[in-house]
Amino acid sequence: MKNFADLTEREILAVAISAEEEDSRIYMTFAEDLAERYPESAKIFEEMAEEEKGHRHMLLEMYEKRFGENLPPIRRENVKGFLRRRPVWLTKNLSLDTIRKEAETMEFEAERFYVKAAEQTHDVGVRRLLGDLAEAEKGHENVAARLTDLILSPDVREQEDKTRRRVFVLQYVQPGLAGLMDGSVSTLAPLFAAAFATHNNWQTFLVGLAASIGAGISMGFAEALSDDGSLTGRGSPWLRGVTCGLMTTLGGLGHTLPYLVPDSWANAFWIATAIAGIVVFFELWAIAYIRARYMDTPFMQAAFQIVLGGAIVLAVGILIGGA
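Residues numbered from 1 in each chain as written. Predicted model: local features only at pLDDT ≥ 70, side-chain atom pairs only at ≥ 80, totals over all residues. Heavy atoms only, no water.

## So, empty space enclosed by the protein
Applied cut-off: Of the two site types, the cavity is a set of points on a 1 Å grid over the protein atoms alone where a 1.4 Å probe fits but cannot get out, and the pocket is an open set with protein on both sides within 12 Å along at least five of seven lines, each lined by residues with an atom within 4 Å of a point. Grid points are joined across faces, edges and corners, and a volume is the space filled by probe spheres set on the points. Secondary structure elements are defined from DSSP: runs of H or I of at least 4 residues count as helices, runs of E of at least 2 residues count as strands, and each element is numbered from the N terminus.
The full count for this structure, using the stated rule, is one cavity of 30 Å³ or more. Of the voids in this model, the largest cavity is the one considered here, and its volume is about 70 Å³. Around the largest cavity sit eleven residues that line it, and Ala19, Arg76, Ala110, Phe113 and Tyr114 are the ones nearest its centre. Among the secondary structure elements, those contributing two or more residues to the lining of the largest cavity are α1 (9-34) and α3 (96-120). A total of five residues in the lining of the largest cavity trace back to one element, the largest contributor, which is α1.

## Observations regarding the packing of α1 against α3
So the rule is basically this: Inter-axis angles, ranging from 0 to 180 degrees, are taken between N-to-C directions of lines fitted to C-alpha atoms, where helices are fitted over the stretch in contact. Oblique is the label for every angle not falling under 35 degrees (roughly parallel), over 145 degrees (roughly antiparallel), or within 65 to 115 degrees (roughly perpendicular). Contacts are assigned to residue pairs with any non-hydrogen atoms lying within 4.5 Å of each other. When residues are grouped by polarity, Ala, Val, Leu, Ile, Met, Phe, Trp, Tyr, Cys and Pro land in nonpolar, Asp, Glu, Lys and Arg in charged, and all others, Gly among them, in polar.
Taken N-terminus to C-terminus, the directions of α1 and α3 make an angle of 170 degrees; their axes are 12 Å apart at the nearest point. By the angle between their axes, α1 is roughly antiparallel relative to α3. Here α1 contributes Ile12, Val15, Ala16, Glu20, Asp23, Ile26, Tyr27, Phe30, Asp33 and Leu34 to the contact with α3, which in turn contributes Leu96, Ile99, Glu102, Ala103, Met106, Glu107, Phe113, Tyr114, Ala117 and Gln120. Its residues assigned to classes, the contact of α1 with α3 comprises 14 nonpolar, one polar and five charged.

## Describing the nonpolar core
Quick note on the threshold: Throughout, nonpolar core names a set of buried Ala, Val, Leu, Ile, Met, Phe, Trp, Tyr and Cys residues whose side chains join them through atoms within 4.5 Å. Only protein chains enter the accessibility calculation, which uses a 1.4 Å probe. A residue is then buried if its area is under 20% of the maximum for its type, exposed if over 50%, and partly exposed in between.
Formed by 23 residues in total, the largest nonpolar core has its most connected members in Leu13, Leu59, Phe113, Tyr114 and Leu130. Contributions of two or more residues to this core are made by α1, α2 (39-67), α3 and α4 (124-138). For this core, the leading source of residues is α1, giving six residues. In this structure Leu130 touches Ile12, Leu13, Leu59, Tyr114, Ala117, Ala118 and Thr121, once residues within four positions along its chain are discounted. By size, the runner-up hydrophobic cluster in this structure holds 18 residues, among which are Leu191, Phe192, Val280 and Leu284.

## Notes on the UniProt feature "transmembrane region" (unreviewed entry) in the protein chain
We apply this condition: UniProt positions are given in the numbering used here, feature names are shortened, and annotations may be inferred rather than shown by experiment.
Under the feature "transmembrane region" (unreviewed entry), the UniProt entry names residues 202-225, 237-257, 269-290 and 302-322. As annotated, residues 237-257 has a helix share of 86% and a strand share of 0%, and its two end C-alpha atoms lie 30 Å apart. Helix makes up 100% of residues 302-322 and strand 0%, and the two end C-alpha atoms of the span are 30 Å apart.

## Side note on a nonpolar patch on the surface
Which entries qualify depends on this criterion: For patch detection, residues must exceed 30% relative accessible area and be free of salt bridges, and they are connected within 9 Å for like charges or within 5 Å for nonpolar side chains (Val, Leu, Ile, Met, Phe, Trp, Tyr). Only the protein chains shown count as cover for residues, with accessible areas throughout obtained via the Shrake-Rupley method and a probe of 1.4 Å. Salt bridges, as used here, are contacts in which a Lys or Arg side-chain nitrogen is within 4 Å of a carboxyl oxygen on Asp or Glu.
Residues Ile278, Phe281, Phe282, Trp285, Tyr289, Phe299 and Met300 make up a contiguous nonpolar surface patch of about 780 Å² in total accessible area. Put simply, the parts of the chain that give the nonpolar patch at least two residues each are α10 (268-294) and α11 (299-322). With five residues, α10 is the largest single contributor of residues to the nonpolar patch. Note on placement: Met300 falls in helix α11. Relative accessible area serves as the criterion here: at 60%, Met300 is assigned to the exposed category.

## Section: the packing of aromatic side chains
Aromatic ring pairs are described here by two measures, namely the spacing of the ring centres and the angle between the planes. Heads up, the condition is: Two aromatic rings, drawn from Phe, Tyr or Trp (for Trp, its six-membered ring), form a pair once their centres lie within 6.5 Å of each other, and the interplanar angle then sorts them: stacked below 30 degrees, edge-to-face above 60, tilted otherwise.
Under the counting rule described, the total for this entry stands at 13 aromatic pairs. Ring geometry for Trp202 and Phe205: centres 5.4 Å apart, planes at 25 degrees, overall stacked. On the criterion of helical spacing, the pair formed by Trp202 and Phe205 is a turn pair, its members being three residues apart in helix α8 (residues 201-226). Aromatic side chains Phe281 and Trp285 sit 6.1 Å apart centroid to centroid with 55 degrees between the ring planes, which places their arrangement in the tilted category. Here the residue Phe281 and the residue Trp285 both occupy positions in helix α10, the gap between them amounting to four residues, near one helical turn. On the accessibility criterion, Phe281 (47% relative accessible area) is partly exposed.

Rendered as structure tokens:
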């Protein structure tokens, strides 16, 4: 890689031309990705892509005037000092906030490059052009804000907020809720069966720990492999899998941890079981609330389904353990 300080004016212009071309393509990729979900916001990135094309034409004119038509094969990745960015534009169904943050990073990097490049050049015309482009990149945030005000009317903003909420529910709430439900309910039977079969807190804790972690791994892989998100817009399958797996494990650990009460305590088993029962009560009502809040399920219906189902599973575990 080449040090930035060692670049010639010709190489600086060549890097700037390739950078503007690449940024324009990235903005258009963002626009295409947003077109179906956020059509009005997509227009903002189309406008920014056109801005980058205009900058590239200005740079090309200056380069041809100074050095002719042949561009040296040098790009940003060949120069030390540029920010190393993840190619998020290769990922589909990115959130609007992620795309906007990436655009801010691109603008900051471009502005910094043009400021440093202008300081390093000696030709008055080249320096003036690079300085103007630095100001243009600095003002891109203002352009985005202006375009947002012009294009995103209150009705459009409301619609995009609804879409963003739907995407949030699909990508995070739904897999997390599925995991929490599975972890909180499915581990009740083995945990309380072990508890009432052994009346030993430590043995019960080990059973609950194994059931929670096992269920978390199983649910995590099941969620990750069920849907790659390309058609449903549910986002990264591995992110959903991790979310689902973690929430499953946490759901099981909630009523497992009380069995860490030492067996040496007086009435240790009943103390741990009472605490675990209280935790289960709050877990089931929390799940019912989340379903009502994010899944548009009437609260009483959600409460009846979750609490009744959990109570049945809990009773089954106690009956089997006490048999």
